[in-house]
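Summary of structural features
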Amino acid sequence: MENWEGHAARGNRTSTHPHIAKDNEPEQFRQDVAVALVRGARSRRTSGAEIGAIHLELAPAALLKHAAISLPAQSAGDMARHAPVAGVESIRINVRGIRDAAVEADMSRPEQFDVLVLGSGEGGKYLAWHTARAGRRTAVVERRWIGGSCPNINCLPSKNEIWSAKVADLVRHADQFGTVVDSVAIDMAKVRQRKRDMVDGLIAMHLENYKASGAELIMGAGQFVAPKTLEIHLNDGGTRVLTGGQVFLNVGTHAAIPDVAGLDAAGPLTNIEALDLDYAPSHLIVLGGGYVGLELAQAYRRFGSRVTIIEHGPQLAGREDPDVADEVRRIFGADGIEVLLSAETLRVQGRSGAEVSVLLRTASGDRTIDGSDILVAAGRTPNTAGIGLELTGVELDAKGYIRVNERLESSSPGVWAIGECAGSPQFTHVSFDDFRIIRDNLAGGQRTTRDRLVPYCMFTDPPLARVGSSEREAQRQGIAVRVAKLPTRAVLRTRTIGESQGFMKALVGADDRILGFTMIGPDAGEVVATVQMAMLAGLPYQDLRDAILTHPTMAEGLGPQFTNVPIKGVLQGAHHFPVSGTRNATQPGCP
Ligand SMILES: Cc1cc2nc3c(=O)[nH]c(=O)nc-3n(C[C@H](O)[C@H](O)[C@H](O)COP(=O)(O)OP(=O)(O)OC[C@H]3O[C@@H](n4cnc5c(N)ncnc54)[C@H](O)[C@@H]3O)c2cc1C
């Protein structure tokens, strides 16, 4: 017999006094109370005034309509335990009996919400908090990660551990800065604990937001059983069925596992497991040279692992210009990371965490790489399969992403998609902007996803950041640009911190407006934000060139960077004009 204790939420028809359901209450009333009890207890919904005082005893096989609901006669001890919460007694429920009954009741009468959000990703949670604060009855269904992937398994955990790796690197090179360290040891259990503590804090922050906004967070896996109707398999057991007037899908993506013989059986790490290791693999093989693979590869190298990156394309960071990718490769080489490009993975043998070998086909012939662990970072797959979308009229594209228009509306009226599952660029700040677009349009606005200027940063060391077009993209689109480059070492700030790798690269259009800016170098993400502001304002590049910028900062490099823009009329066309040397005499403090 499964017994369970918890708090109970009161049914709708109760008075403001602690509620007692009696055997002689009308049947419908008893159903309401019992179902509310189960829900309230499972979701730990204990907000003072909403809680009734009930003690329930149900016979194991009882269906709800026959259930005996008894008075709270013998629960004095339990009541005492829960005394701090006003108006609450404990309840003891025969879970199996009441769960069956509750499910039966749920299926016949779905709970009505104004707003239903499936998946508590970045955009979805903000939307839920917004609608709940506006007084609309809102539920968010989340199967595992409170707050979505960014705070739990993606952005913030990776940046947290990457920072630990940076500290390790600094300490290893401490003598260059005049600090003498006898020996360096990495404690991966501590690295992980620091990350876990951060995540715990973030989860608490999210729960606080749910509570403050009034949005109900329901922990369970959601699946559509009819248009705008979700069945939730609750993590604590049982089922709820909810319908929403407006439905928002924010289900995200997961790591794709390429169809390579033996790979799945090898139990490869994805970003989730790689960010929760309490050891540094002796030899980590990374499948995929995109942002996720590169960030984690370098972090583990700095934690002491030997690292090999296998990339099937001809360059790392496939969406960047070749000169940018070459610089990343050079930096990684200097870190002692082996990079294999244009390498096709044919077969994987062994088990990640023990011994694993990867058979590759390269231009110079087949070869086998033997390692201890393998990490798959080879793209993402949307979490849209198996959730009943075919019952809802929500269409998917060929890759499984939800088809949306520029207002993020799906093909089913009253259903929107947000973030990665909607095919939006795969960044937290974009998912957040998706929320803002929907929020404003619901209030009568006319915002769209068209022509969004989306910056991003890969948090390698040094970081790589970009806003706007790359040179290759401009060439593909036939846009005439002037290109200016400046080596990072020309920025005087680098002399003070001893970090001089990388460069800045700007694309300027015929009308002197900035079309794109890429930087590899210290604080690249922050410098890119400065250029982004100029782009948003539609400023000519000369305004940045002539601005007075703080000395000595990395942003100060924008002065000489934009001084290097070729003169209009002399150099036009979709070409690359490498700029040799620098004009750092435009920086103050220069000899
Ligand atoms: C390793 C890594 C590092 C990254 N670093 C950065 C970074 O530094 N900066 C950046 O901007 N972006 C980064 N990203 C991308 C970023 O994490 C995402 O773009 C961002 O979190 C937005 O995701 P989302 O809103 O689309 O959905 P998510 O945040 O992924 O949320 C989807 C949620 O839906 C839930 N869910 C799915 N299906 C169901 C279901 N059927 N029932 C209930 N719940 C369900 C999932 O559990 C999940 O919590 C990184 C990604 C990875 C993999």
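The sections below set out a description of the structure shown in this document. As the structure is a computational prediction, the values presented were derived from the model and not from experiment.

Description of the overall build of the protein chain
Helix and strand counts for the protein chain come out as 16 helices and 22 strands. A buried classification covers 45% of the 591 residues belonging to the protein chain. Intrachain contacts of the protein chain at a sequence separation of at least 6 include 66% that bridge at least 24 residues.

Points about the sheet that holds strand S20 (residues 482-487)
Read from one edge of the open sheet, 5 strands run S18-S19-S22-S21-S20, paired in antiparallel fashion. Each edge of the sheet is formed by a strand with only one pairing partner; in this case those strands are strand S18 (456-458) and S20. The mean inter-strand angle of the sheet, taken between neighbouring strand axes irrespective of direction, is 10 degrees. Examined bridge by bridge, strand S19 (residues 464-468) and strand S22 (residues 514-520) share 5 bridges and lie antiparallel to one another.

Points about the site of the ligand
Lining the immediate environment of the ligand, one finds 36 residues, of which Gly119, Gly121, Gly148, Gly252 and Gly419 sit closest. Elements supplying a minimum of two residues to the shell around the ligand: helix H4 (122-133), strand S4 (138-142), helix H5 (149-152), helix H6 (155-172), strand S5 (216-226) and helix H11 (428-442).

So, the sheet that holds strand S15 (residues 373-376)
Strands sit in the order S11-S10-S9-S15 across an open sheet of 4 strands; the sheet is parallel. The open sheet has two edge strands, strand S11 (338-340) and S15, and neither has a second partner. Sheet twist, expressed as the average angle between the axes of neighbouring strands with direction ignored, equals 20 degrees. By the bridge criterion, 5 bridges tie strand S9 (residues 283-287) to strand S10 (residues 306-310) in an arrangement that is parallel.

Quick look at the packing of H6 against helix H9 (residues 291-303)
It is the contact of H6 with H9, at a shortest axis distance of 8 Å, that shows an interaxial angle of 40 degrees. Looking at the two axes, H6 sits oblique to H9. Between H6 and H9 lies a crossing of left-handed hand. For the pair H6 and H9, contact is made by Ser158, Glu161, Ile162, Ala165, Ala168 and Asp169 and by Glu295, Leu296, Ala299, Arg302 and Phe303, respectively. Taken together, the residues of the contact of H6 with H9 break down into 6 nonpolar, 1 polar and 4 charged.

A few points about helix H7 (residues 188-213)
Taking 1.5 Å as the rise per residue, H7 with 26 residues should run 38 Å; its terminal C-alpha atoms sit 37 Å apart, in good agreement. Buried residues of H7: Val191, Lys195, Val199, His206, Tyr210 and Ser213, and no others. Packed against the buried residues of H7 are H4, H5, H6 and S5. Gly214 sits one or two positions beyond H7 and adopts a positive phi of about 90 degrees.

Some thoughts on the nonpolar core
Of all hydrophobic cores here, the largest spans 122 residues; its most connected members are Leu249, Val286, Ile374, Leu375 and Val531. For this core, the element with the highest residue contribution is H9, accounting for 8 residues. Excluding residues that lie within four positions of it along the chain, Val286 makes contacts with Gly293, Leu296, Ala297, Val307, Thr308, Ile309, Ile310, Leu375 and Ala377.

Digging into the packing of H6 against H7
The interhelical angle for the contact between H6 and H7, taken along N-to-C directions, is 145 degrees, at an axis separation of 9 Å. Helix-helix and strand crossings are classified by hand; for H6 and H7 the assignment is right-handed. Of the residues in H7, those in contact with Leu156, Pro157, Asn160, Glu161 and Ser164 of H6 are Val191, Arg194, Lys195, Met198, Val199 and Leu202. Taken together, the residues that form the contact of H6 with H7 break down as 6 nonpolar, 2 polar and 3 charged.

A short note on unusual backbone geometry
Omega for the peptide link from Asp461 to Pro462 comes to 0 degrees, which places this bond in the cis form. Tracing the chain through its elements places Pro462 in the loop between S18 and S19. Residue His551 is joined to Pro552 through a cis peptide bond whose omega torsion reads -10 degrees. For Pro552, the position within the fold is in the loop between helix H15 (541-546) and helix H16 (558-563). Of note, the phi angle at Ala317 is positive, near 45 degrees, even though the residue is not glycine. One can find Ala317 in the loop between S10 and helix H10 (322-334). Despite not being glycine, Asp523 has its phi angle at roughly 60 degrees, a positive value. Under the C-beta neighbour-count criterion, Asp523 is labelled buried, with 21 such atoms within 10 Å.

Topic: the pairing of strand S3 (residues 111-118)
Where S3 meets strand S7 (residues 239-249), 7 bridges bridge the pair, whose relative direction is parallel. Bridge assignment links Glu111 to a residue of S7, and that residue is Leu242. Note that S3 and S4 share 4 bridges and pair parallel. In the sheet register, Leu118 faces S4, and the bridge partner there is Val141.

Rules behind the numbers
- Residues numbered from 1 in each chain as written.
- Predicted model: local features only at pLDDT ≥ 70, side-chain atom pairs only at ≥ 80, totals over all residues.
- Helix = DSSP H or I, 4+ residues; strand = E, 2+ residues; numbered from the N terminus.
- Buried ≥ 20, exposed ≤ 12 C-beta atoms within 10 Å, placed from the backbone.
- Contact = placed C-beta atoms within 7 Å.
- Pairing = 2+ DSSP bridges.
- Axes fitted to C-alpha atoms, helices over the stretch in contact; angles between N-to-C directions.
- Near = placed C-beta within 6 Å.
- Parallel < 35°, antiparallel > 145°, perpendicular 65-115°, else oblique.
- Left-handed = near helix turned anticlockwise from the far one by under 90°.
- Nonpolar A, V, L, I, M, F, W, Y, C, P; charged D, E, K, R; others polar.
- Expected span 1.5 Å × (residues − 1).
- Core = buried A, V, L, I, M, F, W, Y, C linked by C-beta atoms within 7 Å.

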